[in-house]
Amino acid sequence: MSDFNLMDRMRPKRFADVVGQDAALAAIQSRVKANEGRYIGVNYFLSGPSGVGKTSIAKLIANECAQGWATMEVHASKVNKDWLDHAEDEMRHPPWSWDGHHGYAWIINEVHYLDGRSEGRLLDLMEYRPWVTWIFTTTTAGQAKLFDGDIEESPFMSRCLEVRLSGTGATQTAFAERARAIATELGMNGKPIGSYLILAARCKCNFRMMIQEIAAGRV
């Protein structure tokens with residue numbers, strides 16, 4: 001099984017499947033509660049170390065906001081005038097399936113690669129529309145880089161719920177326990193939990209890397 005297929009198979013399918021990110025999930029659920037139980041209509045900015053679940057959580061949020069055909073995922077380096085034109089055309093009006101909970105969801109990954117020339121247009125599109133949700137992901141270092149360049153932090157972040165994912169402490173323990181369960185499922189276990197805690201520390205809590213190491217028999 002390829003690393004990609006293995007990671008896709010192990011990716012959380014529900015919020016209940018996410019481990020080690022209790023504070024991040026609590027922040028999301030608090031905002032959803034304030035939004036009358038709706039994920040849609042809120043913009044999310046997910047940051048944290050590599051491999052701690054940003055993309056997985058972004059996809060879970062998108063699943064709550066839109067059907068598959070109304071979800072668009074893109075790397076920030078591809079966000080140009082043509083892409084923004086397309087997004088604006090799509091989101092100008094609610095989709096035919098709009099039911100108050102499911103509209104459009106746009107995921108922009110590695111947002112620190114965003115071209116500063118696109119900022120003004122994107123900020124306008126990020127203004128509140130109850131049928132649209134924007135979800136941004138970046139690493140902790142990427143977030144610092146994003147706002148150290150041409151993009152102003154305050155106008156951007158004031159339009160988003162900031163969700164910071166952890167890569168230490170309880171997250172490391174939860175990742176070790178999850179990795180051991182996966183190894184057991186793959187028939188590659190036999191090591192005590194301490195070995196997986198060491199693995200989590202060695203991989204700096206990058207769960208993708210932990211899975212690759214398990215698949216390679218390097219626990």
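The structure this text deals with has already been given above.
The structure reproduced in this document is the subject of the present report. (Residues numbered from 1 in each chain as written. Predicted model: local features only at pLDDT ≥ 70, side-chain atom pairs only at ≥ 80, totals over all residues. Heavy atoms only, no water.)

### Some details on the sheet that holds strand β3 (residues 104-109)
Using the following cut-off: Two strands pair under a simple rule: DSSP has to find at least two bridges between them. Going along the chain from the N terminus, every DSSP run of H or I of four or more residues is numbered as a helix, and every run of E of two or more is numbered as a strand. Helix axes use the C-alpha atoms of the stretch in contact, all axes being lines fitted to C-alpha atoms, and the angles between their N-to-C directions lie in the range 0 to 180 degrees. It only takes one pair of heavy atoms within 4.5 Å for two residues to be counted as in contact.
With respect to topology, 5 strands assemble into an open sheet ordered β2-β3-β4-β1-β5, the strand pairing being parallel. For this open sheet the edge positions go to β2 (71-75) and β5 (161-164), each flanked by a neighbour on one side alone. Direction aside, neighbouring strands of the sheet carry axes that sit 15° apart on average. Pairing of strand β1 (residues 44-48) with β5 involves 4 bridges; the strand directions are parallel. In the strand pairing of β5, Y44 is matched with L161. The sheet strands contacting helix α2 (residues 22-34) are β1 and β5, and the helix crosses β5 at an angle near 160°. On top of the sheet, helix α3 (residues 54-65) reaches β1, β2, β3 and β4 (132-139); it is set at about 175° to β4, its chief contact.

### Digging into the nonpolar core
So the rule is basically this: Side-chain atoms within 4.5 Å are what join buried Ala, Val, Leu, Ile, Met, Phe, Trp, Tyr and Cys residues into a set we call a nonpolar core. Only protein chains enter the accessibility calculation, which uses a 1.4 Å probe; a residue whose area is less than 20% of its type maximum is buried, one above 50% is exposed, and one in between is partly exposed.
Judged by nonpolar contacts, the single largest core of 69 residues is most densely connected at Y44, W83, I108, W134, F136 and F156. When residues of this core are assigned to their parent elements, the largest contribution, 6 residues, is made by α3. Not counting residues up to four positions away in its chain, the partners in contact with I108 are V74, A76, V79, W83, L122, W134, I135, F136 and T137.

### Some thoughts on the packing of helix α8 (residues 170-185) against helix α9 (residues 193-202)
In a packed pair of helices, the relevant descriptors are the angle between the two axes and the axis-to-axis distance. Just so we agree on the cut-off: Note on angle classes: values under 35 degrees are labelled roughly parallel, values over 145 roughly antiparallel, values of 65 to 115 roughly perpendicular, and the remainder oblique. By definition, any crossing whose near helix is turned counterclockwise from its far helix by less than a right angle is left-handed, and any crossing with a clockwise turn is right-handed.
In contact at an axis separation of 8 Å, α8 and α9 are set at 120° when each is read in the N-to-C sense. Comparing the axis directions of α8 and α9 gives the class oblique. The two elements α8 and α9 cross, and the hand of that crossing is right-handed. Contact residues: Q172, T173, A176, E177, A179, R180 and A183 in α8; I193, Y196, L197, A200 and A201 in α9.

These figures capture arrangement, not role.
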